[in-house]
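Structural overview for review
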Amino acid sequence: MNEAAAPPTLQRRLQTHLLSRLVFATVLLAAAVLLNIQEVGVFEQVNYAVISALVIALYATTLASAAVLRRRRSELRLVGLAHVQVMVDALVLGVLVLETGGLESMFIALWFLTIFAGANLLQRRGALLAAVLASVILLIITLAQSLLPKEWLPDALLGDDSGRQLPYFMLFVNISSFFLVGVLTGLLSQRLSSTTSALAKTYLDAQELRHLHENLVRSLTVGLITTDEEDRVTYLNPAGEALLGERWSRVDGQPFNEAFATLADVIEGARQGSGSVTVELDLELESGKRRPLAVVETPLLEKADTRAGRVVQLSDMTIIRALQDGLARQQRLAAIGQLSAAIAHEIRNPLAAISGSVQMLARGANPSEVMLLDIVRREIDRLNSLVEQFLSYARPRELRLAPLRLDVVAREVATLYAHDETLLPPLVLQAEEAVEIVADPGLVQQVVWNLVRNAAQAVASHKVSAEDRGAVWLRVGKNERKEGDVRARIEVMDAGPGLSKEARERLFEPFFTTKAQGTGLGLATCYQIVEAHGGELRAEERPDGASGALFVVELPLQARGPDARRLGTATLRPLMPSGEPGPPSMFSQEPA
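In this text the structure is predicted, and so the values were computed from the model without any measurement.

**Re the overall build of the protein**
Scanning the protein from N- to C-terminus turns up 15 helices and 14 strands. Taken across its 592 residues, the protein has 39% of its residues classed as buried. Partitioning the contacts of the protein with sequence separation of at least 6, the portion at a separation of at least 24 is 66%. For the protein, the accessible area works out to roughly 34000 Å², and carbon and sulfur atoms hold 58% of it.

Written as structure tokens, this is what we have:
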């Protein structure tokens, strides 16, 4: 049966008690020697021999108890060992009192120390045990001194020959003192133990509360700065370090106005009283990047509502700004879409009439007029194609969902690419992994083909050497954005001129294009298709830092867009905020 481990406090108290006993034995031996150092013959007396034996016994029992204590003991055994120590102390003092005069011995007062030691080890129970033992031993010595024949008594108990009466009063005083001290000491030790336990519990609760507070503050995604009443920085949490690009160890104890000069100036400029301050600013970091922050400063108040410093909260507004820009873009696109759809319908009808009229005029025209009419007809066809593309973009269509393997789609696109003589840069295909999704096969293939063709045209327009024609890379795989959210990932990367910041911000808007002959509807349509599938399309810089662009398509394994069965005018999501990259590219190394 396994016994509970002993409390470390009792073990420490026993160790202290044994050490004190060793000190007492050493002092007793030293005193006996030093007081009689001039009279060597005294050491031959019986009582000094007994004292020497007593000291040796004290050393032996103390060392034996220490050896027992070194072993890992249970609480029950340690309590038993503590009882033994109290009894040993009382008996040793009894022998000492017996050899130094009995009731008249000056060592009787040491029994009070035994009572204190018992209270320290076992609280009230130990104090009363020591008091009972001291009283019984003293009573036995006194009775022996008063009633036994002199021949039976040691010389220290003989006294004078005037008479041997039982000293009731002195005995009563001593025994009463033992019990009185035992009761009081026991009560005090018990009260002290209860108070110590309560303080220990309070301390542990305070430590737990402190750790909880520290963990909460460290876990906040909002930056937090606190100062004292002299406005010196006392704390900067990890989120604040990340937002400000500053370490707490560097600003700890510094005046707030010096540690965060720009922040302090903005707060003071927006202050309109002694209350809280709320302000937004674009903070320029040491890296040169600008980070939009929402700053809220409130007074740090004590119980008496006296100001003890300030609390500054910092919130990263990058995502919120991006959402605001996306919402504004959505509203702008919605208005453009409605207006453009109406205009496109109005343009299409006159175009049909113009085209028919041109065909009739061409029947009786001479060769030079026919050539001019052919030019008009080609431009009409190009304009009509543009209108058709836009109407196709704006017209709602049903998604025809079916099981689809993206690696198969990638190989089909690579085959089409290889047979298109207008696309010169070589295509590098990486689609070894089978990636199955549920989507519209035709529309997904349209997205991949559009991106690959755009990449090839970007490479062709980029000035490269005659030996190096650049390349286009197509990669298909999976990406786990977070636990349980696995998405199919398509990456198209090129070695073209890349995209400017302005182009990246407007890339998926209809009619925005960087090509001389482009319509600006290809990428907008791709974005619309991906968004309808519940996916995401974004443009990034190449992960290797080389010239070119990387387009990333992420699709859920099951289509779960806002309306997975209906494809209408796109509701654009914001691009990844500046400085906030998306998931790592599958092109983690420079492509071969």
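After presenting the structure, the write-up continues.
**Topic: the pattern of salt bridges**
Using the criterion set out here, one finds 20 salt bridges in the structure. A salt bridge links Arg250 to Glu246; its shortest N-O distance comes to 3.3 Å. As a salt-bridge pair, Arg321 and Glu280 come within 3.5 Å of each other at their nearest N and O atoms. In this pair, Arg321 sits in helix α10 (residues 318-363) while Glu280 sits in strand β3 (residues 277-284), placing the two residues 41 residues apart along the sequence. On the basis of relative accessible area, Glu280 is assigned to the partly exposed category, the value being 47%. Here the salt bridges do not stand alone but share partners, grouping Arg489, Glu491, Glu536, Arg538, Glu540 and Glu554 into one network.

**Some points on the pairing of strand β11 (residues 485-494)**
In terms of residue burial, β11 counts as a mostly covered element, since 9 of its 10 residues are buried. Both β11 and strand β13 (residues 549-556) contribute to a ladder of 7 bridges, which runs antiparallel. Across the sheet, Met493 pairs through a bridge with Leu550, a residue of β13.

**Quick word on the pairing of strand β4 (residues 290-301)**
As paired strands, β3 and β4 are joined by 8 bridges and run antiparallel to one another. Bridge pairing in β4 places Glu284 opposite Arg290. The sheet contact formed by β4 and strand β5 (residues 307-316) spans 9 bridges and is antiparallel. Following the sheet pairing, Glu297 is matched in β5 by Val312.

**Examining the side chain of Glu536**
Here Glu536 shows up in strand β12 (residues 536-541). According to the relative accessible area criterion, Glu536 is buried, its value standing at 15%.

**Overview of unusual backbone geometry**
Even without glycine at this site, Gln123 takes up a positive phi of about 60°. With respect to the helices and strands, the residue Gln123 is situated in helix α4 (residues 110-147). The exposure class of Gln123 is partly exposed, given its relative accessible area of 25%. Positioned with a positive phi, Asp231 is a non-glycine residue whose angle comes to about 60°.

What counts, and where the lines are drawn
Starting from 1, residues in each chain are numbered consecutively following that chain's sequence as written. In keeping with the model being predicted, local features are shown solely for residues with a pLDDT of at least 70 and side-chain atom pairs are shown and tallied solely at 80 or more, while totals for entire chains, interfaces and linings include all residues. Side-chain metrics in this entry use all non-hydrogen atoms of the structure; hydrogen atoms and water are not considered. Where helices and strands are cited, they refer to DSSP runs of H or I of at least four residues and of E of at least two residues respectively, numbered from the N terminus. Any residue under 20% of the maximum accessible area for its type is buried, any over 50% is exposed, and the rest in between are partly exposed; the area is computed with a 1.4 Å probe on protein chains only. Only heavy atoms enter the contact rule, under which two residues are in contact if any of them lie within 4.5 Å. Method for areas: the Shrake-Rupley scheme with a 1.4 Å probe, in which residue coverage is limited to the protein chains shown. The term salt bridge refers to a side-chain nitrogen of Lys or Arg lying within 4 Å of a carboxyl oxygen of Asp or Glu. In this analysis, strands are considered paired if DSSP registers two or more bridges between them.

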